Amino acid sequence: MFRKWQCVVCEFIYDEELGLPDEDIPPGTRWEDIPDSWTCRDCGAPKSDFLMVEIFG
């Protein structure tokens, strides 16, 4: 099961299932496999400012 991680600063959501192909992060890339040096593409917040979120519906 893929998870989604949300930036606590700007609310950008990283979806493991979709990845970020434009940033060379292929679909299916798990959050723990993204380098700790990665930053939010929308606001520049560090990876540590993301929380795992459950989306219902």
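Along every chain, residues carry numbers that run from 1 in the direction the sequence is written. In keeping with the model being predicted, local features are shown solely for residues with a pLDDT of at least 70 and side-chain atom pairs are shown and tallied solely at 80 or more, while totals for entire chains, interfaces and linings include all residues. Side-chain metrics in this entry use all non-hydrogen atoms of the structure; hydrogen atoms and water are not considered.

A. Focus on the sheet that holds strand E2 (residues 13-15). DSSP calls a pair of strands paired once it identifies at least 2 bridges connecting them. Helix numbers and strand numbers start at the N terminus; a helix is a DSSP run of H or I with at least 4 residues, a strand a run of E with at least 2. If you walk across this open sheet you meet the three strands as E2-E1-E3, and the pairing is antiparallel. Among the strands making up the open sheet, the edge pair consists of E2 and strand E3 (50-53). Direction aside, the axes of adjacent strands within the sheet are offset by 30° on average. Note that strand E1 (residues 4-7) and E2 share three bridges and pair antiparallel. In the strand pairing of E2, glutamine 6 is matched with isoleucine 13. Convention adopted: a line fitted to C-alpha atoms gives each axis, helices being fitted over their contacting stretch, and angles between N-to-C directions are expressed from 0 to 180 degrees.

B. View of the nonpolar core. For our purposes a nonpolar core is just a set of buried Ala, Val, Leu, Ile, Met, Phe, Trp, Tyr and Cys residues, chained together by side-chain atoms within 4.5 Å. Buried means the residue's accessible area, taken with a 1.4 Å probe over protein chains only, is under 20% of the maximum for its type, while exposed means over 50%, and partly exposed covers the values in between. Formed by Trp5, Cys7, Phe12, Tyr14, Leu20, Ile25, Trp31, Ile34, Trp38, Cys40, Ala45 and Phe50, the largest nonpolar core amounts to 12 residues. In this view, phenylalanine 12 contacts Trp5, Gln6, Cys7, Leu20, Trp38, Cys40, Arg41, Asp42 and Phe50; residues no more than four positions away in its chain are not counted. Should any heavy atoms of two residues lie within 4.5 Å, those residues are counted as being in contact.

C. Looking closely at unusual backbone geometry. The backbone phi angle of glutamate 11 is positive, close to 75°, even though this residue is not glycine. Counting through the fold element by element, glutamate 11 comes out in the loop between E1 and E2. By relative accessible area, which is 58% here, glutamate 11 ends up exposed. Phi at aspartate 24 takes a positive value of approximately 60°, unusual for a residue other than glycine. By the secondary structure assignment, aspartate 24 is in the loop between E2 and E3. With a relative accessible area of 72%, aspartate 24 lands in the exposed category.

Remember, this is a structural readout, not a statement about activity or role.
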